[in-house]
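Architecture and fold: a report
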Number of protein chains: 4
Amino acid sequence: MIVMKETATEEEIEAVLAKIERAGAVPHRSKGARVTVIGAIGDVEQDASVESLGLEAQPGVDRVVPILKPYKLASAQFRHGERTVLEIDGRKIGGEHFALIAGPCTVESREQVLSTADVVKDAGVAMLRGGAYKPRTSPYAFQGLGAEGLKLLAEAKERTGLPIVTELMDARDLEPVLEVADVIQVGARNMQNFPLLAEIGRAQLPVLLKRGLGAPLEELLMAAEYILKEGNPAVMLCERGIRTFETDHRRVTLDIMAVPILKELSHLPVIVDPSHAAGRRALVEPLSLAAAAAGADGIIVEVHPNPDEALCDGPQALLADDFAAYAAAVERAAALAGKVPSTA
Amino acid sequence: MIVMKETATEEEIEAVLAKIERAGAVPHRSKGARVTVIGAIGDVEQDASVESLGLEAQPGVDRVVPILKPYKLASAQFRHGERTVLEIDGRKIGGEHFALIAGPCTVESREQVLSTADVVKDAGVAMLRGGAYKPRTSPYAFQGLGAEGLKLLAEAKERTGLPIVTELMDARDLEPVLEVADVIQVGARNMQNFPLLAEIGRAQLPVLLKRGLGAPLEELLMAAEYILKEGNPAVMLCERGIRTFETDHRRVTLDIMAVPILKELSHLPVIVDPSHAAGRRALVEPLSLAAAAAGADGIIVEVHPNPDEALCDGPQALLADDFAAYAAAVERAAALAGKVPSTA
Amino acid sequence: MIVMKETATEEEIEAVLAKIERAGAVPHRSKGARVTVIGAIGDVEQDASVESLGLEAQPGVDRVVPILKPYKLASAQFRHGERTVLEIDGRKIGGEHFALIAGPCTVESREQVLSTADVVKDAGVAMLRGGAYKPRTSPYAFQGLGAEGLKLLAEAKERTGLPIVTELMDARDLEPVLEVADVIQVGARNMQNFPLLAEIGRAQLPVLLKRGLGAPLEELLMAAEYILKEGNPAVMLCERGIRTFETDHRRVTLDIMAVPILKELSHLPVIVDPSHAAGRRALVEPLSLAAAAAGADGIIVEVHPNPDEALCDGPQALLADDFAAYAAAVERAAALAGKVPSTA
Amino acid sequence: MIVMKETATEEEIEAVLAKIERAGAVPHRSKGARVTVIGAIGDVEQDASVESLGLEAQPGVDRVVPILKPYKLASAQFRHGERTVLEIDGRKIGGEHFALIAGPCTVESREQVLSTADVVKDAGVAMLRGGAYKPRTSPYAFQGLGAEGLKLLAEAKERTGLPIVTELMDARDLEPVLEVADVIQVGARNMQNFPLLAEIGRAQLPVLLKRGLGAPLEELLMAAEYILKEGNPAVMLCERGIRTFETDHRRVTLDIMAVPILKELSHLPVIVDPSHAAGRRALVEPLSLAAAAAGADGIIVEVHPNPDEALCDGPQALLADDFAAYAAAVERAAALAGKVPSTA
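Residues numbered from 1 in each chain as written. Chains lettered and ligands numbered in written order. Predicted model: local features only at pLDDT ≥ 70, side-chain atom pairs only at ≥ 80, totals over all residues. Heavy atoms only, no water.

Between the two copies of this chain, the relationship is a rotation about some axis together with a displacement along it. Once chain C is rotated about the relating axis by 180 degrees and shifted along it by 0.0 Å, it coincides with chain A to within an RMSD of 0.0 Å. Here the symmetry operator amounts to a two-fold rotation axis. Residue Phe245 of chain C, judged by its C-alpha, is the member of chain C lying nearest the rotation axis, at 2.1 Å. Most of the interface of chain C is mirrored in chain A, where 100% of its interface residues again form contacts. (Least-squares fit on C-alpha atoms with pLDDT ≥ 70 in both. Contact = heavy atoms within 4.5 Å.)

Set out below in structure tokens:
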């Protein structure tokens, strides 16, 4: 929809009408007491073609207000209000099913990953997380064990039966990751790595897509749309904090509002990652309870048997010894939002 | 603490040492492999005087890192880790006590305020909120009933026995507000209206101080310090959302992390206002549950018997008919965080 | 304008139409391929009354898009595209006139203010700035000399003939400030101190209104509207930085885009304060040149004869010795944008 | 450096000292009037290993303040204050050399790219920009001509002699891009696509690295470090706007302060992209003048012979007819900052 300036002339209005017609859409003129508004409502693709007209820069135009949402497959309307419930190796997630996903930030050693896997398994989590390929802000930081890490995750899966969530950073590593992963994680920094998204869309494996630190929710949904469009319907959206002016005592700012808003906008399950938002263990439990009480479909959280020795993000890892109590508290919070815990 | 540049010369280092000495503090030089760091650790006041030296602009200086927190009376250390528990007309708030504060955004009519007061009273809230003086972004919007509104609040208090929370915008209105209010609210836009804060600091009435939309938590604590410094120890801190790049589908962004972080930094009770952050009714309950589960000491929320007719912020008001169920759910969430509801 | 959800029923659409009619506006229904859009275009006041209907929370409504700008007197349309040119004691500002305003952050002593006044006078500035009442984040920081400071400003004006720009923080100090000031400054923290704005609106003196650190431009214009509505047409808008996620190496982030955007939206002169945005001297000149080249109508900047001894904001003050060269460079940048320097 | 809490016990302090020693660094304890501060200053790698200790979560620790900058090769210190001047096919950029880079957003057709190339060549620009692979928020938007687009760029280079700046999105397209490009552009969304950065670091071609919309400057420098570390020293840093709460009338917010701050922190050339920040033609010239006056080493800008027909970002493209006047104005602004225009 195009809002004209109060000072727009008849010629300027007609020029806009003509452009919309040339783009194949039907303009609809409506004159208020002070301004003229021109509608050009069509399908998403038509909307995109009207948007690509560049009317913002046309003389007499005040602004262009998109009416249709720019995503389709990810929208709540696409499933007529029904929610997507994924089933991953017997664990459900979405709808009334709440899944706790836990494990080490990064796979560091056989002992670390196996002992953590045992702890989270005993606490009844739905899936095991662990990174073999790690995106790190600094080129001097530990970058993960790579293929060796994948092998250790396979061993942990063999031992505990837990499905594995692990990150893919480079489309060229897709095959080895597919061999081990039950869920492919796309990190926040890769949320708009479109070739990677398309590649993952062609793989038939559930995806956990993290929101970029500077990404509005609409862009997260558009990133999901890249995956869905390739034929992969199994996308989980993950809130993990956004950049705000508040930079002390936290790493980024958890956008708790993303939980109810994403559930309004989309049928896809919504997961929260409190560990990376917080950056500090003391904040992880209150944020987890908040996320579960707000209606999240799951939480992905970091645990370490000995965080002081962790090679990556130790300060935010929950202590293995405290994990069972934590998991029980989170379940109670999820129950407040009408959710049942998901296990095999 | 002053971090010198790697390229700082001996002369530049000595100039900094000399300045710190002239300011009456004792500099402490420490040389690492690559940079020199100069400490000048004293009391808050000394710290302020070292900060006022303007060393950031001194040749050879990379940056100045404040070590001591710039607030004292508001800090957790000031009460040695003990939490402040306020008692307002028999209702406790802080520590293990959770207070639900509810009522209309603005006092609009006798019927509206009395019927809302009855509804929230029946649901067992701790206090009644209602605005007689309303700060509005637009000069063309309804600005509140003023003195007439205060009278209606007095009548609601008389009728229900509920303590009254109401906003003061102008120091010149202090007296009439003091006659009716049990808690003076300072709105987000006035968080750094220092003459108003000082005036309220001299009044001996509890204060609910809302965080400004662009204010880091440290500035909220400094604003509280203005009130505490005048001798009024009864300040509640209120998170009500911050400005972020996410502007769709919400009014501002609720900073849920503010709850656990403020409780680390300060002994003062922490309240959350989900209504003004959300701007839409559908978000208010999930955000309220999140806030309570995260450990907030209270929630302040808007209710209206007929929000469609509200003169201010109708879309965010809870429906009176739904309020009892809402209040019960919030209580359960607060219980998760170990809180008991506060009533007379 | 109200955008309905794709799933909105005929009943929901009719309920919206009925509400708009009851509010005294004429609804205009327009049906696209997928959604229905309902216009309710009237005057600003009508728009406000439609907005106050709370349609955001009505069943079937996706969102409400305001069409008219919520400010009127401050809008570019109000003067049909003609720019406001203020004349302050013979100095013009706005249109093609560029005014450099300089002086100390705070009046600290007779010698400091008079020597600074001489320096900036010699460099040909349009006005002298200086604070007698200083809003400070910390209650422990120097709060200005108050009435004594105003006297020193009067003496500087007497001596140099320069008009005085000084801040008013408290409506109760209006009278003494009016005796000395040629321009009343409203600080960023008071941008939405509505009783103060209304009081200043009733005083017939030009106003320099600083943008709040968390305020969108539209809210700055609404704050100006509060002053204009009381009959005072002489408002200058001042950009001085906003809060963003970038918090290192700067105090806040100068929003250079505010300059061309405010000039599109409003007829009022646009001033930039690089000193408070930067917080460090080294950034002040590049930002000043940027602001002048971008078309600002003026710059307000801090100068100190001996910044190391300054009681407030020394690190960001320009050195008096460098000021003449700085002023000449800024003039050249303003000339690029077609501006002539304003002097008596 | 580790700042202990005021309440830290002797045991807690000693535990921190012990951990630092175990990490191979030498702790340095310094006791102020109220808090103890522990230094552990080493090399960047040691600093990283102290950081990886997770001391933030250790009992008694208030916070960890990194002293050394986490990037080395990108830092101003690395070249002892000397600035990097790149020479690309005879065009210099950096130091006193200012390079204007212009061309279409996206290569759309032979005629479009050749006619634009002629226009910008005639105006004396240093390089031609043009996208063959386009990252688009929506999967339904035009994604660029790919290999066909590269051919057209090769033809434009052949015809005009202008070096080509073009984007690489997928490491698997590196070879064809290397055949045509003189500068590889890394888009904002790929700023932390670390495998792509490393791949480009191994290619010996200059790189234009755009800042992510949510990336602090330090993360931009770390991303540059990924490229430099692989042995490619020719990196240009590009500011193109950040996400802030201000979302109206612009696409993102140009961070003009990034120009002087990046030049303080790094020896690498700093480029500004006003087109993508603005999103609207009317803002491009004021922002370009601002950037040049603030000391940018270059500007990259979009031009189109017929923006109304552009398939991508038409509203922000400068009109070809206006380009010569624009280029002349930008040169004058750059001259204010002491720069000479770069041509062959």
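Judged by nonpolar contacts, the single largest core of 355 residues is most densely connected at Phe323 of chain A, Phe323 of chain B, Phe323 of chain C together with Phe323 of chain D. If near-sequence neighbours (up to four positions away) are discounted, Phe323 of chain A is found in contact with Leu100, Ala102, Val119, Val120, Ala123, Val125, Val301, Val303 and Leu318 of chain A. (Core = buried A, V, L, I, M, F, W, Y, C linked by side-chain atoms within 4.5 Å. Buried < 20%, exposed > 50% of the residue type's maximum accessible area, 1.4 Å probe, protein only.)

Our focus in this paragraph is the sheet that holds strand S2 (residues 28-31) of chain B. Residues and elements named next belong to chain B. In space, the 4 strands of this open sheet follow the order S2-S3-S1-S4, with antiparallel pairing throughout. The sheet is open, and its two borders are formed by S2 and strand S4 (61-64), each paired with just one other strand. Between one strand axis and the next, the sheet turns through 20 degrees on average, direction left out of account. In terms of strand pairing, strand S1 (residues 2-4) meets strand S3 (residues 36-39) through 2 bridges, oriented antiparallel. From the neighbouring strand, Ile2 faces S3, where its bridge partner is Ile38. (Pairing = 2+ DSSP bridges. Helix = DSSP H or I, 4+ residues; strand = E, 2+ residues; numbered from the N terminus. Axes fitted to C-alpha atoms, helices over the stretch in contact; angles between N-to-C directions.)

Each partner contributes to the interface: chain C provides 28 residues, whereas chain A provides 28 residues. Roughly 2200 Å² is buried in total at the junction of chain C and chain A, and carbon and sulfur atoms are behind 64% of that figure. Two residues, Lys69 of chain A and Asp62 of chain C, come together in a salt bridge whose shortest N-O distance is 3.0 Å. Where chain C packs against chain A, one counts 3 residue pairs in polar contact (both at pLDDT 80 or more). Residue assignment for the side of chain C that touches chain A shows that the elements contributing at least two residues are strand S2 (28-31) and strand S4 (61-64) of chain C. Broken down by class, the residue content of the side of chain C that touches chain A amounts to 12 nonpolar, 8 polar and 8 charged. (Buried area = accessible area lost by both parts, 1.4 Å probe. Salt bridge = Lys/Arg side-chain N within 4 Å of Asp/Glu carboxyl O. Polar contact = N/O pair within 3.5 Å; in protein donor to acceptor, adjacent residues only side chain to side chain. Nonpolar A, V, L, I, M, F, W, Y, C, P; charged D, E, K, R; others polar.)

A word on the packing of helix H7 (residues 217-229) of chain C against helix H8 (residues 258-265) of chain C. Residues and elements named next belong to chain C. Between H7 and H8, the shortest axis-to-axis distance is 11 Å and the interhelical angle comes to 50 degrees. Here H8 runs oblique to H7, going by the angle between their axes. Between H7 and H8 lies a crossing of right-handed hand. Every residue of H8 that contacts H7 at Leu217, Leu220 and Leu221 is listed here: Ala258, Ile261, Leu262 and Leu265. In terms of residue class, the contact of H7 with H8 is built from 7 nonpolar, no polar and no charged. (Parallel < 35°, antiparallel > 145°, perpendicular 65-115°, else oblique. Left-handed = near helix turned anticlockwise from the far one by under 90°.)

Here the focus is the interface of chain B and chain A. Note: interface size is frequently given as the accessible area lost on complex formation between the parts. Facing 39 residues of chain B, the contacting portion of chain A comprises 39 residues. Roughly 3000 Å² of surface becomes buried between chain B and chain A when both sides are summed, with 71% attributable to carbon and sulfur atoms. Among the residues of chain B in contact with chain A, Phe245, Met257 and Leu336 of chain B are the three that bury the most area, contributing 23% of the side total. For the pair chain B and chain A, the interface holds 6 salt bridges. Going through the elements one at a time, helix H8 (258-265), helix H9 (274-278), helix H10 (281-293) and helix H11 (323-336) of chain B are the ones with two or more residues in the side of chain B that touches chain A. Examining the composition of the side of chain B that touches chain A, we find that 7 residues originate from one element, H10 of chain B, more than from any other.

All names here are of chain A. Reading across the sheet, the 4 strands line up as S2-S3-S1-S4 and stay open at both edges, with antiparallel pairing between neighbours. The open sheet is flanked by strand S2 (28-31) and strand S4 (61-64), the only strands paired with a single partner. Averaged over all neighbouring strand pairs, the angle between strand axes comes to 20 degrees, with direction disregarded. Relative to S4, strand S1 (residues 2-4) runs antiparallel, the two being bridged by 3 bridges. Bridging across to S4, Val3 finds its partner in Arg63.

Here chain A shows a mean pLDDT of 92. Residues at 70 or above account for 97%. Here the predicted complex carries an ipTM of 0.93, next to a pTM of 0.94. (pLDDT = per-residue confidence, 0-100.)

The phi angle at His249 of chain C is positive, at roughly 65 degrees, despite the residue not being glycine. Along the chain, the position of His249 of chain C falls in the loop between strand S12 (235-239) and H8. The class of His249 of chain C is partly exposed, set by a relative accessible area of 25%. Unlike most non-glycine residues, His80 of chain D shows phi in positive territory, near 50 degrees. Its relative accessible area of 72% is what places His80 of chain D among the exposed residues.

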